[in-house]
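# Per-entry structural report
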Amino acid sequence: MRARLSDIAQQAEVSEATVSRVLNDRPGVAPETRQAVLTALDVLGYERPARLRKRSAGLVGLVVPELDNPIFPAFAQTIESTLAQSGFTPVLCTQTPGGVTEDEYVEMLLDRQVSGIVFVSGLHADTAANHDRYRALIGRPLPIVMINGWAPGIAAPFVSCDDREATELAVAHLVALGHRRIGLITGPDRFVPVQRRVAGYKAAMRRLVDLDDTELEPLAELSLFGVEGGEAAATRLLDRGVTGIVCGSDLMALGAIRAARQRGLSVPADLSVVGYDDSPLMAFTDPPLTTMRQPVVAMSVAAVRALVDEINGHGAPHSEYLFRPELVVRGSTAVAPADATRPGPPPARQRPVPPALAVPA
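The shown structure was predicted, so the numbers you read here are calculated from the model rather than taken from an experiment.

Analysis parameters
- Residues numbered from 1 in each chain as written.
- Predicted model: local features only at pLDDT ≥ 70, side-chain atom pairs only at ≥ 80, totals over all residues.
- Heavy atoms only, no water.
- Helix = DSSP H or I, 4+ residues; strand = E, 2+ residues; numbered from the N terminus.
- Buried < 20%, exposed > 50% of the residue type's maximum accessible area, 1.4 Å probe, protein only.
- Areas by Shrake-Rupley, 256 points an atom, 1.4 Å probe, with all protein chains shown as cover.
- Phe/Tyr/Trp six-rings, centres within 6.5 Å; stacked < 30°, edge-to-face > 60°.
- Core = buried A, V, L, I, M, F, W, Y, C linked by side-chain atoms within 4.5 Å.
- Contact = heavy atoms within 4.5 Å.

Before going further, it helps to examine the overall build of the chain. The helix and strand inventory of the chain stands at 12 helices and 12 strands. Each principal axis of the C-alpha atoms in the chain carries an extent, and together these give about 85 × 50 × 35 Å. Across the 361 residues in the chain, those meeting the buried criterion constitute 49%. About 16800 Å² of surface is accessible on the chain, with carbon and sulfur atoms providing 53% of the total.

Right, dumping it as structure tokens:
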């Protein structure tokens, strides 16, 4: 024990008597000194005495969609670490197509007697879903918080990125570069974030390009989220002569770039592409992706604080908190081609791909 106290005291730069007081949980030690001794224990690989082990304040469920889209692991990681700082143990539940459903995960979490649940881009964002499932949870009562999506009549905090403003900013960026024939690619219109993006796109195009809804109709493509959905939608928009595309996710934007390259077009010389999310690694794609950044850290911290307040009985306001997105300009957007300002829709542009060259994926 003497050797152990000596090692810990040396690591923490305190006396052996101070180490003894901390290990026996006695008063008279400054909080920062106590923390230094506990940190020394961890660094040296000693197990903390049972009386000093941090007790969990309870379990909190975290339900997120599949992790194929890098933005969801980013949310999960930040929310989990923020929950841990508040003393809660997170239980991560990830959905996959054809796998465990959101309702099945909720039943499992209720069996574990969780203190609350955070839903990220769940059924609350789907206007076709029955939202009585959330009212039932609140009626138990069980505190819940929703991220990205809003549903009326649910007495819970909602935390969202301002999707409408994000699309307006993206369109304004392309217009400033001289683009007039700008397309939109996003997901199915039953989702609240998609509806807001479409509304923002149309408002910006009407205001900045002076197009009416009839002219805008063929420029907005609703597709499946993901690279494949983005590629298919971009192919149709390229046929209509767009020079810029605003996408509903970074993965859709990568699909749009692939569609352009399969036609022998250059991004951004022939086509400018704007993503959404600023997922990890988007700064390292070819070209680096211009995108609308979701403030993941700020949104996650706000969601956890609201949930902890609900759990502690402080009653967080039951409203939607909108967080401002940020335009991150990289290499996938540039000044519009010379023929982009000609009146009327330009013809579809296509360059022959030399047969000896492999088409980039």
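Moving on from the coordinates now.
Before going further, it helps to examine the packing of aromatic side chains. Per the counting criterion, the structure on display carries two aromatic pairs. Pairing Phe 119 with Tyr 134 gives two aromatic rings, centres 5.2 Å apart and planes at 80°, and the pair type is edge-to-face. Here Phe 119 is found in strand S3 (residues 116-120), whereas its partner Tyr 134 is found in helix H6 (residues 132-139), with 15 residues between them in sequence. A relative accessible area of 1% means that Tyr 134 is categorised as buried. Judged by centre distance (6.4 Å) and plane angle (55°), the rings of Phe 191 and Phe 225 are tilted. Placement of the pair is Phe 191 in the loop between strand S6 (182-186) and helix H8 (192-208) and Phe 225 in the loop between strand S7 (220-222) and helix H10 (227-239), with a sequence separation of 34 residues.

In terms of nonpolar packing, the biggest core is built from 67 residues, with Ile 79, Val 120, Ile 147, Ile 185, Met 205, Ile 245 and Val 273 touching the most fellow members. Leave out the neighbours within four places in its chain, and Ile 245 touches Leu 174, Gly 183, Ile 185, Ala 234, Leu 237, Ala 256, Leu 271, Ser 272, Val 273 and Val 274. Counting residues in each nonpolar core, the second largest holds 19 residues, with Tyr 105, Leu 110, Val 114 and Leu 142 among its members.

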